[in-house]
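# Architecture at a glance
Each chain, letter by letter, is given below.
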Amino acid sequence: MTRWDVRWTSGCDVSVNVVYTIPRHVNPAAMSADLRARFDLMIASLMAHERQHGQHGIAAAKEIRRAGCSGAQKIIRKYVAADRELDRRTRHGRNTGVRLN
């Protein structure tokens, strides 16, 4: 899961915070080598997918800064929609390897 939060001040100081929450196995040594390889591949695919969401937050912050903070809420909505579209298009990453086969 990725959470991004863009904030700005009345003087248009813009900041963004991106937090990734990624699952981990509590005992990876207990997995067979084959399962561990598939799990690691799934986690790498998941992280790549979630970084795309994080890039939306960073892009939103940059666009808000370029706009002098004018229309910031509209810009935020644009990137929230981009997050939704990414998940729709990739089926929340399943189409790009976020699955344990």
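Our structure is the block above this text.
Let us look at the structure shown here. Everything numeric here is computed off the predicted structure, so don't read it as measured data.

## Considering the overall build of the protein
Helix and strand content of the protein: two helices and two strands. Compactness check: the protein gives a C-alpha radius of gyration of 17 Å against a globular reference of 13 Å for 101 residues, more than 25% above the reference. With the principal axes as the frame, the protein shows a C-alpha extent of 55 × 25 × 15 Å. Here the protein, with 101 residues, has 33% of them falling under the buried criterion. The long-range share in the protein, meaning contacts at least 24 apart out of those at least 6 apart in sequence, stands at 59%. Surface summary for the protein: the accessible area is close to 6700 Å², and the carbon and sulfur share equals 52%. A gap of 2 Å separates the mean positions of the 18 positive and 9 negative side-chain charges of the protein.

## Brief notes about helix α1 (residues 33-66)
Across its 34 residues, α1 extends 49 Å between first and last C-alpha, which sits within 8% of the 50 Å expected from 1.5 Å per residue. Backbone geometry just after α1 places G68 at a positive phi near 65°.

## What to know about the environment of R65
By the element assignment, R65 lies in helix α1. For the pair formed by R65 and V14, sequence separation is 51 residues and the distance between their alpha carbons is 6.2 Å. A distance of 2.8 Å separates a polar side-chain atom of R65 from the backbone oxygen of V14.

## A look at the side chain of E50
As for its placement among the helices and strands, E50 is situated in helix α1. One buried charged residue, E50, forms no salt bridge at all, with the nearest opposite charge on R3 at 10 Å.

## A closer look at the pattern of salt bridges
A side chain with one charge may pair with a side chain of the opposite charge, provided their charged atoms come close. Going through the model one piece at a time under the given rule, you end up with five salt bridges. With a closest N to O distance of 2.6 Å, D5 and R7 form a salt bridge. Note that D40 is salt-bridged to R36, the shortest N-O span being 3.1 Å. Note that D40 and R36 are positioned in helix α1 at a spacing of four residues, about one turn of the helix.

What counts and what doesn't
Residues numbered from 1 in each chain as written. Predicted model: local features only at pLDDT ≥ 70, side-chain atom pairs only at ≥ 80, totals over all residues. Heavy atoms only, no water. Helix = DSSP H or I, 4+ residues; strand = E, 2+ residues; numbered from the N terminus. Rg over C-alpha atoms; globule rule 2.2 N^0.38 Å. Buried < 20%, exposed > 50% of the residue type's maximum accessible area, 1.4 Å probe, protein only. Contact = heavy atoms within 4.5 Å. Areas by Shrake-Rupley, 256 points an atom, 1.4 Å probe, with all protein chains shown as cover. Lys, Arg positive; Asp, Glu negative; His and termini not counted. Charge placed at Lys NZ, Arg CZ, Asp CG, Glu CD. Expected span 1.5 Å × (residues − 1). Polar contact = N/O pair within 3.5 Å; in protein donor to acceptor, adjacent residues only side chain to side chain. Salt bridge = Lys/Arg side-chain N within 4 Å of Asp/Glu carboxyl O.

Interpretation note: all reported values are geometric properties and have no functional meaning in isolation.
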